Amino acid sequence: MEFQIFGLGILTWLVFIPIIGMAIILLLPDKNRNAMRWTAVSVTGIQVILAGIIFFIFDRDKLGINDAESFQFIEKFSWITVESVPWVGRIEISYFLGLDGLSVLMVILTSLIGFIGVISSWNIDKMVKGYFSLYLLLVTGMMGVFVALDFFLFFIFWEAMLLPMYFLIGLWGGPRREYAAIKFFLYTFVGGILMLLTMLALYFSVAYTDPVTGQSVHTFNILHMMNPSNYVEGGLLSGVDTTWRYVAWMALFINFAIKIPLFPFHTWLPDAHVEAPTPISVILAGVLLKLGTYGLLRINFPIFPDATMYFMYFMAALGAISIIYGAFCAMAQTDFKKLIAYSSVSHMGIVVLGIAALNTQGMVGGVLQMFNHGIITAVLFLAVGVLYDRAHTRGLNDFGGVAKQMPKYTGIAMIGMFAALGLPGLNGFVSELFSFLGAFESYRWITMIAVTGIIITAAYILWTIQRVFLGEKSEKVKNLADLTPREYLAFLPLIILIILLGIYPAPAIELMNSSLSHLVEFVVNGGQ
Amino acid sequence: MIEHTLHSISFFIPEIILVITLCVLIVADMAANPKSQIGGWILLVGLLLAGVFTVLQSGATDSVFYDMIAADPFSRFFKILLILAGLFVVLFSMQNNEFDDYKERMGEYYMLITGMMIGMFFMVSSTNLLLLYLAFEVTSISSYVLAGFTKRERKSAEASMKYIIYGAVSSGVMLYGLSLLVGVTASTDIYAINEALTEGIDQYLILNISIVMIMVGMGFKIAVVPFHFWAPDVYEGAPITVTAILAVGSKIAAFGLLIRFFTIVYVDSSGISETGIWSAVDGVHWDILLGGMAALAMIVGNLTALRQDNIKRMLAYSSIAHAGYLLMGLVILAEQGISSILIYLFIYLFMNLGAFYVAMLFSNRFKTESIKGYKGLGFRAPLQSVGLTIFLVSLTGLPPTGGFIAKLYIFGAAVSGGWIWLVAVAGITTIISLFYYIRVVRNMFFFRPEGEADKVEFGYGSTVVLMLLLIPTLILGIYFEPVLEFAKLSIQMFGV
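Residues numbered from 1 in each chain as written. Chains lettered and ligands numbered in written order. Predicted model: local features only at pLDDT ≥ 70, side-chain atom pairs only at ≥ 80, totals over all residues. Heavy atoms only, no water.

Asks: Got a minute to help me understand the overall build of chain A in this structure?
Replies: Looking only at helices and strands, chain A features 21 helices and six strands. Relative to the 2.2 N^0.38 estimate, which gives 24 Å for 528 residues, the radius of gyration of chain A is 23 Å and therefore close to what a compact globule would have. Each principal axis of the C-alpha atoms in chain A carries an extent, and together these give about 75 × 60 × 40 Å. In chain A, the proportion of contacts linking residues at least 24 apart, taken out of those at least 6 apart, comes to 79%. Carbon and sulfur atoms provide 67% of the accessible area of chain A, an area that totals close to 17,100 Å². In chain A, the 28 positive side-chain charges and the 31 negative ones have mean positions that sit 14 Å from each other. (Helix = DSSP H or I, 4+ residues; strand = E, 2+ residues; numbered from the N terminus. Rg over C-alpha atoms; globule rule 2.2 N^0.38 Å. Contact = heavy atoms within 4.5 Å. Areas by Shrake-Rupley, 256 points an atom, 1.4 Å probe, with all protein chains shown as cover. Lys, Arg positive; Asp, Glu negative; His and termini not counted. Charge placed at Lys NZ, Arg CZ, Asp CG, Glu CD.)

If you want it as structure tokens, here you go:
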């Protein structure tokens with residue numbers, strides 16, 4: 001489908017429009033803080049509009065995944081081509097963007113969360129110019145990862161997120177921000193190096209034959225890496241079920257597991273969340289964590305179907321451990337933000353369990369859970385931010401009786417809490433149900449154990465509600481004002497989506513159903 | 001004979017220009033006002049002219065002066081890099097406050113730089129052991145004097161002394177190794193030596209000893225473990241512009257020499273095929289020797305850099321680590337490795353000089369070389385601090401900077417050559433390197449400046465120089481095809 005604006009495809013605009021905004025912000029004089037804020041809002045607003053357009057014209061029947069023809073909004077330019085190097089043939093890196101059912105929902109999520117993050121950044125007064133420049137750079141990185149179909153490009157976007165995030169946590173964060181920032185940086189960088197090495201090994205193992213010239217071309221194209229017939233004779237990762245393929249799968253898996261974050265790679269998350277400013281927590285939980293599971297589905301599953309099948313129990317087990325471990329940890333917290341951070345570990349475990357089931361139900365449930373979790377945690381972090389802005393504490397035991405003091409706020413926060421708990425009628429329920437259904441088909445025992453996590457989740461959420469919202473008004477709560485219009489604006493779209501997708505999830509499921517069924521089939525058949 | 005000489009001279013114009021520049025500098029030093037910066041300008045013009053004539057020669061491949069010197073794309077690549085490094089160092093020197101007390105001696109300084117440039121030009125192009133050793137010594141002796149140029153500073157004098165002692169010993173050992181090699185093969189021409197080695201010789205033990213001894217001298221020049229001990233002290237003590245030319249220029253030249261020497265002498269030339277993959281001569285596993293040294297350099301360099309507080313010392317250890325990464329390209333015995341070394345050096349030039357430049361500006365203005373002293377500088381000198389951040393991020397190897405492309409190609413070469421363990425070491429040490437690079441960034445931005453905290457102006461001149469280094473570092477991270485092409489065309493060596 002051709003859809004162009006000023007000669008450039010819609011995806012290019014979607015990815016790079018924040019960079020334009022960043023340039024404008026950098027050129028504005030230091031005093032003009034409101035102009036900077038409005039620039040950021042307009043830029044992310046345009047992204048939401050573009051994502052909306054994509055939602056309406058996206059063709060639900062096209063498969064994508066491994067077939068370049070059925071991707072949509074494709075943009076492909078040759079970026080680096082070096083001809084006839086004697087020992088390897090041609091070298092090719094391309095600027096290759098495209099959408100399929102797997103990525104379209106993530107793109108919509110990213111634009112939405114990015115927009116809401118800007119709204120909730122309004123009261124940041126420290127170094128506004130730097131803040132919004134880095135913020136927009138971060139948005140470009142995230143958007144880029146979701147639309148890139150060239151591994152090199154994917155990697156560039158992936159790593160481009162690191163530095164902005166490091167500064168956003170380290171400069172605008174809480175008291176232990178430095179420690180949290182470097183911990184985040186380090187964990188992700190370790191993963192990045194693993195991914196880099198695997199990417200190189202793949203690159204040298206894959207060469208497709210140019211249909212026009214008949215040359216053998218080494219390429220970073222992810223889709224070519226999925227085709228078993230493109231692997232060169234004697235390449236490190238050629239063949240099926242070889243040790244090196246398992247090693248490569250594991251290296252990639254660790255990289256993505258750090259981002260997800262999956263037990264035992266999760267320890268950076270609570271620190272980062274607690275220290276990060278509210279909007280950055282929202283971005284972190286809302287979008288960044290999804291990059292991990294997205295990477296598994298985009299790269300690990302289709303490029304290494306053999307290794308994926310080999311490690312599927314391992315993946316499911318880690319998912320189940322994360323669900324239960326995260327829930328127990330959440331229960332033990334007295335810091336509101338830390339509690340939500342651990343609940344993220346738990347909920348992302350559901351995603352991993354769902355996609356590890358390798359059937360359509362589980363896969364759809366998992367991807368939908370990625371989207372839903374993004375929205376729900378965004379609400380929860382915004383809710384904590386509202387309280388923290390007013391009371392300057394996040395201690396669960398410091399509050400009490402908020403419901404009496406701030407009824408409107410309580411209403412909205414409760415919707416988020418109940419959605420996280422998995423209450424039927426709200427969106428969390430649908431995706432958790434699908435994930436567990438799919439997982440149950442594949443792994444009875446693991447799933448039966450994992451489901452107990454739901455009970456623990458209910459326990460800690462209800463207990464939190466009781467401690468914070470119910471009971472008598474505590475000292476801290478007495479003078480707190482209810483929501484401002486700006487805060488409403490940030491909550492509103494998310495709450496609407498929570499309810500809408502809880503009652504009628506079909507629009508989201510339709511977007512991805514055919515692609516994900518194809519992905520399952522592709523992996524189960526060993527890449528055929 | 002006259003014809004041959006004339007023909008040779010036509011390939012020799014850049015060197016002649018440099019020699020003329022040296023003469024002009026001597027005259028100008030005597031004639032002109034000692035306070036003026038005339039020497040710097042003369043050297044800039046000389047280097048530019050030499051650069052133009054080097055570029056004009058491109059394409060031709062020949063062996064000149066009775067097989068003493070190779071005029072090939074490989075040597076021209078290195079000469080262009082050296083000229084770029086020289087140009088930047090001269091620009092730095094004209095702004096360096098360390099030389100304020102030595103104004104009347106600046107003529108000498110530029111002469112020594114010119115002498116070093118001439119030596120380095122010969123290092124990357126000589127194909128005869130005699131000339132090779134002479135070039136090596138010309139470069140070394142100029143740099144010994146340069147390291148102690150600010151002689152009233154204790155540290156500078158000490159640095160010079162240490163440098164001479166280490167340098168003299170290691171080049172002595174190298175000379176001994178070279179003489180053993182000549183003894184075994186009865187020739188001083190590297191092609192003839194290679195022929196003799198390919199045909200097979202009897203004394204493999206002696207050959208192996210000679211390789212180790214030669215590596216002592218070359219390892220000293222590129223500052224690779226275990227011959228690196230001089231580097232931190234000299235880098236710290238020498239004036240920062242001299243440190244920059246040692247860390248960049250001298251390293252580039254030494255790599256030119258090392259690559260040419262090893263890939264011509266110790267390669268089984270009967271086995272070179274169209275594939276661009278070689279094998280080492282029988283009985284000598286120098287690839288394993290160099291691989292081990294590379295691993296050691298990466299480990300020691302990066303680990304030791306963690307504990308440094310002086311920025312020059314930290315950059316010294318980081319440059320040891322980078323020598324390790326660079327050596328990885330040589331051990332895989334393939335053209336691909338060589339071209340990735342060239343790409344790495346090209347990018348390394350900009351990012352490392354950039355880091356030294358900002359360090360110099362900070363030491364000029366804030367009188368600190370201590371990383372602890374960098375606290376809050378991000379708010380007092382925003383542009384320079386952002387620049388330093390980008391250079392350090394690039395040295396770490398994060399996209400989208402040039403340093404990433406450099407690492408990508410060198411790692412890629414090692415992966416395709418099957419040196420997985422070496423790449424694993426490189427990957428782990430890269431992660432370690434993040435710590436000490438990012439610590440500088442942290443100090444600059446995560447602390448509020450203490451005391452007087454006005455923004456500091458650095459002037460147009462310094463901004464222009466900074467941009468000249470910063471823009472290539474960033475552009476090369478996104479659009480690097482020209483460098484790939486340039487490197488690919490430059491790996492043709494005369495006689496390979």
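Asks: Looking at this model, I keep getting lost on the overall build of chain B. Mind explaining?
Replies: Looking only at helices and strands, chain B has 20 helices and two strands in total. By the compact-globule yardstick of 23 Å for 496 residues, chain B fits well, its C-alpha radius of gyration being 22 Å. Reported as C-alpha extents along the three principal axes, the dimensions of chain B are approximately 70 × 55 × 40 Å. Looking at chain B as a whole, 64% of its 496 residues qualify as buried. Surface summary for chain B: the accessible area is close to 16,800 Å², and the carbon and sulfur share equals 67%. The positive charge centre, built from 27 side chains, and the negative charge centre, built from 33, are 15 Å apart in chain B. (Buried < 20%, exposed > 50% of the residue type's maximum accessible area, 1.4 Å probe, protein only.)

Asks: Please explain the pairing of strand E6 (residues 216–219) of chain A as it appears in this structure.
Replies: In summary, the side chains of a regular strand alternate between the two faces of the sheet. Residues and elements named next belong to chain A. Summarising the sheet, strand E5 (residues 207–209) and E6 pair through three bridges and their orientation is antiparallel. Across the sheet, the residue bridging to Ala207 is His218, located in E6. Hairpin connection, E5 to E6: the antiparallel pair is bridged by six residues, and Gly214 has positive phi, about 75 degrees. (Pairing = 2+ DSSP bridges.)

Asks: What exactly am I supposed to notice about the pattern of salt bridges here?
Replies: Side-chain pairs of opposite charge can arise whenever the charged atoms involved come near each other. Counting across every chain of the model gives 22 salt bridges over all chains. Across the salt bridge formed by Glu472(A) and Lys404(A), the nearest N and O atoms sit 3.3 Å from each other. Separated by 68 residues along the polypeptide, Glu472(A) in the loop between helix H19 (444–468) and helix H20 (485–503) and Lys404(A) in helix H16 (residues 402–405) bring together distant segments of the chain. A salt bridge links Lys155(B) to Glu236(B); its shortest N-O distance comes to 2.6 Å. (Salt bridge = Lys/Arg side-chain N within 4 Å of Asp/Glu carboxyl O.)

Asks: When you look at the interface of chain B and chain A in this model, what are you seeing that I'm missing?
Replies: Accessible area lost when the parts come together is the quantity often used to give the size of an interface. With 43 residues of chain B at the interface, the matching set in chain A holds 41 residues. Together, the buried faces of chain B and chain A total about 3,500 Å²; carbon and sulfur atoms form 81% of this surface. Counting the contacts that link chain B with chain A gives two residue pairs in polar contact (both at pLDDT 80 or more). Of all the secondary-structure elements, those providing two or more residues to the side of chain B that touches chain A are helix H14 (335–366), helix H16 (382–396), helix H17 (402–416), helix H18 (420–445), helix H19 (460–478) and helix H20 (481–490) of chain B. Looking at the side of chain B that touches chain A element by element, the count peaks at 11 residues for H18(B). The residue inventory of the side of chain B that touches chain A, partitioned by class, reads 25 nonpolar, 10 polar and eight charged. (Buried area = accessible area lost by both parts, 1.4 Å probe. Polar contact = N/O pair within 3.5 Å; in protein donor to acceptor, adjacent residues only side chain to side chain. Nonpolar A, V, L, I, M, F, W, Y, C, P; charged D, E, K, R; others polar.)

Asks: I keep staring at the packing of H14(B) against H19(B) and nothing clicks. Help me out?
Replies: The relative placement of two packed helices comes down to the angle between their axes together with the axis-to-axis distance. Residue and element names in this part refer to chain B. As a packed pair, H14 and H19 sit with axes 9 Å apart at the nearest point and diverge in direction by 145 degrees. In this structure, H14 meets H19 at a crossing whose hand is left-handed. Across the interface between the two elements, Phe346, Ile347, Phe350, Met351, Leu353, Gly354, Tyr357, Val358 and Leu361 from H14 touch Ser462, Val465, Leu466, Leu468, Leu469, Pro472, Thr473 and Leu476 from H19. (Axes fitted to C-alpha atoms, helices over the stretch in contact; angles between N-to-C directions. Left-handed = near helix turned anticlockwise from the far one by under 90°.)

Asks: I keep staring at the packing of aromatic side chains and nothing clicks. Help me out?
Replies: The description of two aromatic rings rests on the distance between their centres and on the angle between their planes. Following the criterion strictly, the structure yields 67 aromatic pairs over all chains and no others. Aromatic side chains Tyr131(A) and Phe132(A) sit 5.2 Å apart centroid to centroid with 90 degrees between the ring planes, which places their arrangement in the edge-to-face category. The pair formed by Tyr131(A) and Phe132(A) is uniform in burial state, with each residue classed as buried. In this arrangement the basic side chain of Arg394(A) is found over the ring face of Tyr388(A), its NZ or CZ atom lying 4.9 Å from the centre. In this arrangement the basic side chain of Lys221(B) is found over the ring face of Phe136(B), its NZ or CZ atom lying 5.5 Å from the centre. (Phe/Tyr/Trp six-rings, centres within 6.5 Å; stacked < 30°, edge-to-face > 60°. Lys NZ or Arg CZ within 6 Å of the ring centre and 35° of its normal.)

Asks: What is the right way to look at unusual backbone geometry in this model?
Replies: Most peptide bonds are trans, and most residues other than glycine sit at a negative phi. In this structure, the amide linkage connecting Val225(B) to the following residue, Pro226(B), adopts the cis form with an omega of 5 degrees. By the element assignment, Pro226(B) lies in the loop between helix H9 (204–222) and helix H10 (230–237). In this model, Pro399(B) is joined to Pro400(B) through a cis peptide bond whose omega is 0 degrees. Here Pro400(B) lies in the loop between H16 and H17. Located in the positive-phi region is Leu358(A), a residue other than glycine, with phi close to 55 degrees. Note on placement: Leu358(A) falls in the loop between helix H14 (336–356) and helix H15 (360–391).

Asks: Help me out: how do you make sense of the side chain of Asn352(B) in this one?
Replies: All names here are of chain B. Mapped onto the fold, Asn352 is located in helix H14. Residue Asn352 is classed as buried on the basis of its relative accessible area of 0%. Among all residues touching Asn352, those that are not within four sequence positions of it are Ala247, Val248, Leu315 and Leu395.

Asks: Looking at this model, I keep getting lost on the packing of helix H7 (residues 154–185) of chain B against H9(B). Mind explaining?
Replies: All names here are of chain B. Axis separation between H7 and H9 bottoms out at 7 Å; the angle between their running directions is 150 degrees. Between H7 and H9, the angle is such that the two are roughly antiparallel. In the packing of H7 onto H9, the handedness of the crossing is left-handed. Contacts from Tyr163, Tyr166, Gly167, Ser170, Val173, Met174, Tyr176, Gly177, Leu178, Leu180, Leu181 and Val184 in H7 reach Ile206, Leu207, Ile209, Ser210, Met213, Ile214, Val216, Gly217, Met218, Phe220 and Lys221 in H9. Taken together, the residues of the contact of H7 with H9 sort by class into 17 nonpolar, five polar and one charged. (Parallel < 35°, antiparallel > 145°, perpendicular 65-115°, else oblique.)

Asks: Help me out: how do you make sense of a nonpolar patch on the surface in this one?
Replies: Residues and elements named next belong to chain B. A cluster of nonpolar residues, Ile2, Leu6, Ile9, Ile16, Ile20 and Val24, forms a patch on the protein surface that exposes about 520 Å² of accessible area. Mapped onto the nonpolar patch, the elements with two or more residues apiece are helix H1 (2–10) and helix H2 (13–31). When you line up the elements, Leu6 lands in helix H1. Residue classification places Leu6 among the exposed positions, given a relative accessible area of 55%. (Patch = residues over 30% accessible without salt bridge, like charges linked within 9 Å, V, L, I, M, F, W, Y side chains within 5 Å.)

Asks: Any chance you could explain the nonpolar core here in plain terms?
Replies: Considering soluble globular proteins, one finds that nonpolar side chains tend to be buried as a cluster. Grouped together as the largest cluster of nonpolar side chains are 413 residues, with contacts concentrated most on Phe151(A), Phe152(A), Phe261(B), Tyr266(B) and Trp286(B). If one sorts the elements of this core by residue count, H14(B) sits on top with 22 residues. Every residue in contact with Tyr266(B), bar those within four places of it in the chain, is listed here: Leu181(B), Asn194(B), Leu197(B), Leu207(B), Ser210(B), Ile211(B), Ile214(B), Phe261(B), Ala280(B), Val281(B) and Trp286(B). (Core = buried A, V, L, I, M, F, W, Y, C linked by side-chain atoms within 4.5 Å.)

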